[in-house]
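One-letter residues, chain by chain:
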Amino acid sequence: MNNRDAAQVFYNIADLLEIKGEQIYKVLAYRRAAESILSLGRDLRGVWKEGGLETIPGVGKAIGAKIDELLRTGKLEFYEELKAEVPATLAEVLRVGDVGPKKAARFWKELGITTLDQLERAARDGRLRGLSGMGEKSEARILASIEALRRRQSGRIPIGTARPIAESLLQRLRQAPDVAKAEMAGSLRRWRETVGDLDLIVGATDPDAVMQAVRQFPEIARIKGQGETKFSAELVDGLRVQLWVHPPERFGTALQYATGSQAHNVRLRERALDLGLSLSEHGFKRSDGKEILCAEEAEVYQRLGLPWIPPELREDQGEVQAASAGRLPELVTLEALHGELHSHTDWSDGQNTIEEMARGARSAGLSYLVISDHSQSLGVVNGLTVERLRMQWEAIAEAQHRLGDSILLLRGAEVEIRADGELDYPDEILAALDVVTASVHTSLRQSRERVTARMLSAVRNPHVDVIGHPTGRMVGGRDPAELDLEAVLAAARESGVALEINAHPARLDLKDAHARRAVEMGCRLAINSDAHSPADLELRPYGVATARRGWVGAESVVNAWPRERLLAWLGQRG
DNA sequence: GCCGTTTTCGGCCCGACTGTTTTCAGTCG
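Residues numbered from 1 in each chain as written. Chains lettered and ligands numbered in written order. Predicted model: local features only at pLDDT ≥ 70, side-chain atom pairs only at ≥ 80, totals over all residues. Heavy atoms only, no water.

Draft legend 1. Broad picture of the protein's contact with DNA strand B. Surveying the vicinity of DNA strand B reveals 49 residues, the closest of which are Gly-60, Gly-135, Glu-228, Arg-240 and Arg-269. Across the atoms of DNA strand B situated within 4 Å of the protein, the share located in sugar and phosphate is 74%. Here a phosphate oxygen of DNA strand B and a backbone polar atom of Gly-60 are 2.6 Å apart. Between DNA strand B and His-282, the relevant distance is 3.0 Å, taken from a phosphate oxygen to a side-chain nitrogen or oxygen of the residue. Counting only elements with at least two residues in the surface near DNA strand B, the list comes to α2 (24–38), α4 (61–73), α7 (101–111), α9 (136–151), β5 (220–226), β7 (240–246), α14 (262–274) and β8 (277–280). Broken down by element, the residue count for the surface near DNA strand B peaks at 6 residues, all from α14. Here the surface near DNA strand B is built from residues that sort into 16 nonpolar, 17 polar and 16 charged. (Near = heavy atom within 4 Å. Polar contact = N/O pair within 3.5 Å; in protein donor to acceptor, adjacent residues only side chain to side chain. Helix = DSSP H or I, 4+ residues; strand = E, 2+ residues; numbered from the N terminus. Nonpolar A, V, L, I, M, F, W, Y, C, P; charged D, E, K, R; others polar.)

Structure follows, in structure tokens:
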């Protein structure tokens, strides 16, 4: 029973309660608790052992007791009884667009439908239109939604895939007639690691003209809906795009609204009510009916007596309270990164020479680059033997000579933490390296105790400076390794080693919630691209965004320090 | 079911879009 399993139980409870017709606020309470468990950043079990369940936002007595039962017994009686009452498979029916709790309940009670397959068959057979309030159109929409659901398997796509597509749409939108502004919104703008659809927002005086222009975009496969301010369509690859068009003088409230998250918006709107204002995407409304418009998003926050809150923080995880108390963190930025600590060359599995990588880093504005190819035991990626590593040092020196002092090259390695817990190079070699990054690539399926022990021995090794992609997780794929992250973070704080936030959009490891926990614990971090080509250096914004989502300030990030400070830090380490 | 520098009980955001029910319910974000 890990955090994800526990969260899933509460999401399911929420779905089933909703179908059952339970009070919506009770349903939302379960969802909120599930959300909090997912963004906890540490093992739920640890919080439980400390007796701190009710410190989790959205967890009170009732849900706290349920978590306790779940962790103690691995089961939850309340959930079991609920499943006996409402078929659990109805949750998959809820995933279908245009099907919410009310319709799901009617399909089940009036037609005996409990699974997606049954719903599809009923729609094809024309049995849905027999229900009151449902006609042929509804039936067709549901069929289309089922198809769409089946096409996009997981439902969410990685941010690294989504953003370039959105950028390309935005570029053309900005050239459309009458468009004053066009921006990303939704989870795209909040830089969540995956997004469900592309939310875009446009400031323009003539919505029709904008929507007409979008209809002509070649990647639009079909229009799903269009109103006065809202347009939604499906792209050829099944991805959904949602576009809002609002007048430029209302762009601020509109952008704020469309960026979300929904929970963050609710928090702001409650705050507005406290101030005697009603907030919507169109603007503020005073009790006398007068409107207050915001062209800029910052004005929305200002009106609420808050500093502007960066989109990466808008998850209702304490950011509104922090903003209100003047305690928002000064988040790290891309510009703050002076160098790259993790890069590969054609000496191992990179695509380019040392010099090409160096020139790439230089044009990215970096003042130093650590060459950190794989170590010997990783044969599949042509890991360097000690002998080849020494040869590489000469090559680095030669490249440095040719480059002059335009960029500083440092000798590094991504050293494998082997299955037996030993590092992949002898101590005298590690000592001769400027930067040692220790990573695990293999045997992640060992027992929790063994993986933790391997990590701890690497963290405590005086030669190690950075732990690379510490949990081994893959976005939308592999879960974080079973390890005692709390223990690793505590040891990292002790030894002063930095934990990597790997910027590759497939990794983003540490993830946002873990980064936040690391900072809470007082750990140092490093934001690295793990570049295998100069182009990969362009992926650093994903790492920066992940750090920002984890409330990480520049002070915690070693490669955001001035170069001299970084070099001094490295010098005093083993 | 949670939560409180206006509350330990009574609140808990606000609007767009769609289909079909001629006045609104359901869904979504």
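Draft legend 2. Up close: unusual backbone geometry. A cis amide bond links Gly-260 with the next residue in sequence, Ser-261, at an omega value of -5 degrees. Following Asp-509, the chain continues to Leu-510 via a peptide bond in cis, the omega torsion being 0 degrees. When you line up the elements, Leu-510 lands in the loop between β16 (498–502) and α22 (512–520). Of note in this structure, Asp-316 is not a glycine but carries a positive phi near 55 degrees. Mapped onto the fold, Asp-316 is located in the loop between α15 (297–303) and α16 (319–324). Not every positive phi belongs to a glycine, and Ser-443 is a case in point at roughly 55 degrees. By the element assignment, Ser-443 lies in the loop between β14 (435–439) and α20 (448–460).

Draft legend 3. A look at helix α24 (residues 563–572). Within the span of α24, buried status applies to Leu-566, Trp-569 and Leu-570. One face of α24 carries all of its buried residues, which in axial projection span an arc of 95 degrees. Opposite the packed face of α24, turned more than 90 degrees from it, sit the exposed residues Glu-564, Gly-571 and Gln-572. In this structure, the buried residues of α24 make contact with β11 (339–343), β12 (368–371), β13 (408–416), β14, β16 and β17 (524–528). (Buried < 20%, exposed > 50% of the residue type's maximum accessible area, 1.4 Å probe, protein only. Arc of directions from axis to C-beta. Contact = heavy atoms within 4.5 Å.)

Draft legend 4. Representation of the side chain of Glu-414. Within the element layout of this structure, Glu-414 appears in strand β13. In this structure, Glu-414 is buried with no salt-bridge partner, the nearest side chain bearing the opposite charge being Arg-507 at 6.4 Å. Only 2.8 Å separates the side chain of Glu-414 from the side chain of Ser-439, close enough to count as a polar contact. Within polar-contact distance, the side chain of Glu-414 engages the side chain of His-469 at 3.1 Å. The residues touching Glu-414, leaving out its near neighbours within four places in the chain, are His-342, His-344, Ser-372, Asp-373, His-374, Ser-375, Thr-437, Ser-439, His-441, His-469 and Asp-530. (Lys, Arg positive; Asp, Glu negative; His and termini not counted. Salt bridge = Lys/Arg side-chain N within 4 Å of Asp/Glu carboxyl O.)

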